[in-house]
Amino acid sequence: AYAVGMGFDLAFTPHLDDGLNAGQWRNAMRIDPLAKYGGMSYFDVVLEPLARAASATMLPSTRVWFALQGEMSHMVTLFPDSHRRILPHLRKITLPNGRDDLWYNVRLGVSTNFNKLCGMEACQKAEVDDPDGPYDKAAIQALYAACDFVGISGYPRYKGSLLDMEDSTRMFDEEAKLFGLDLAELTTTGGKQLVFNEFGNGGGVKVTGD
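Residues numbered from 1 in each chain as written. Predicted model: local features only at pLDDT ≥ 70, side-chain atom pairs only at ≥ 80, totals over all residues. Heavy atoms only, no water.

Visitor: Where do I start with the packing of helix α2 (residues 42-57) against helix α4 (residues 80-94) in this structure?
Guide: When two helices pack together, their arrangement is captured by the angle between the axes and the distance separating the axes. Interhelical geometry of α2 versus α4 gives an angle of 35 degrees and a closest axis separation of 7 Å. Together, Phe43, Leu47, Glu48, Ala51, Arg52, Ala54 and Ser55 of α2 and Ile86, His89, Leu90, Ile93 and Thr94 of α4 make up the contact between the two elements. Residue composition of the contact of α2 with α4, grouped by class: seven nonpolar, three polar and two charged. (Axes fitted to C-alpha atoms, helices over the stretch in contact; angles between N-to-C directions. Helix = DSSP H or I, 4+ residues; strand = E, 2+ residues; numbered from the N terminus. Contact = heavy atoms within 4.5 Å. Nonpolar A, V, L, I, M, F, W, Y, C, P; charged D, E, K, R; others polar.)

See the structure below:
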């Protein structure tokens, strides 16, 4: 409410970390957003409360960019149909009561890491193409087609050229193509926005900066 009162738009990119402190990277967690875990789902705990907070505070001029998650790639590639089913319901409860005419002010999308879309490692073509494997390429394509924006966390290695800033976008595009997605098509003929929900750069590959 304070941000809206100051004239800001809103952006949600919820991150859910390993609450058991067992060292599981959020990007590899296998969470179906509609499945009940201990009686409640990711939708119940994370998405619906944010949507209702937006509904209670947004003005007719407020725009909301609502990512279903941030840097949690594996839950997107494993459970695309659940994510797609969430979208129309989430838009409806995000809008102020009785203001369905403001539907365009709420933009929904998925935000993943810039690489390692299959968890701890980059996706492999043989696994993605396996008809008995865990990935449904058609459902993943349908999810992205239903979104308003494509979000990524972009952390390119900066080696001295401004072109290095494009590395994270290129790496995402190359891995997404395994699922039949093309970032250029999504953002041109598909009309999707490309959103960097996180962005940074640096010169090192180790935490010591070496």
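Following the structure, the description resumes.
Visitor: Which parts of the structure should I look at to understand empty space enclosed by the protein?
Guide: Under the definition given, this model contains one cavity of 30 Å³ or more. One number sums up the size of the largest cavity: a volume of about 40 Å³. The wall of the largest cavity is formed by Val76, Thr77, Thr112, Leu117, Ile140, Tyr144, Phe172, Ala176, Phe179 and Leu181. The set of elements that each furnish at least two residues to the lining of the largest cavity consists of α3 (73-78), α6 (137-146) and α7 (167-176). Grouping the constituent residues of the lining of the largest cavity by class yields eight nonpolar, two polar and no charged. (1 Å grid on protein atoms, 1.4 Å probe; cavity = no way out; pocket = protein on both sides within 12 Å on 5 of 7 lines; lining within 4 Å. Points joined across faces, edges and corners; volume = space filled by probe spheres on them.)

Visitor: For this particular structure, what's the right way to read the packing of aromatic side chains?
Guide: Aromatic rings considered in pairs are described by the distance between their centres and by the relative angle of their planes. Here the structure, examined in full by the defined rule, presents four aromatic pairs. Plain terms: the ring middles of phenylalanine 12 and phenylalanine 66 are 5.1 Å apart, the flat faces sit at 65 degrees to each other, and that makes the pair edge-to-face. In this pair, phenylalanine 12 is assigned in strand β1 (residues 10-12) and phenylalanine 66 in strand β2 (residues 64-67), connecting sequence segments 54 residues apart. Looking at phenylalanine 66, the relative accessible area reads 0%, which means it is buried. (Phe/Tyr/Trp six-rings, centres within 6.5 Å; stacked < 30°, edge-to-face > 60°. Buried < 20%, exposed > 50% of the residue type's maximum accessible area, 1.4 Å probe, protein only.)

Visitor: Can you walk me through the state of the cysteines in this structure?
Guide: Disulfide: a covalent bond connecting the sulfur atoms of a pair of cysteines. A complete count under the given rule lists one disulfide for this structure. Note on cysteine 147: no disulfide assigned, nearest cysteine sulfur contributed by cysteine 123 at a separation of 17 Å. (Disulfide = S-S within 2.5 Å.)

Bear in mind that shape data such as this cannot, by itself, settle questions of function.
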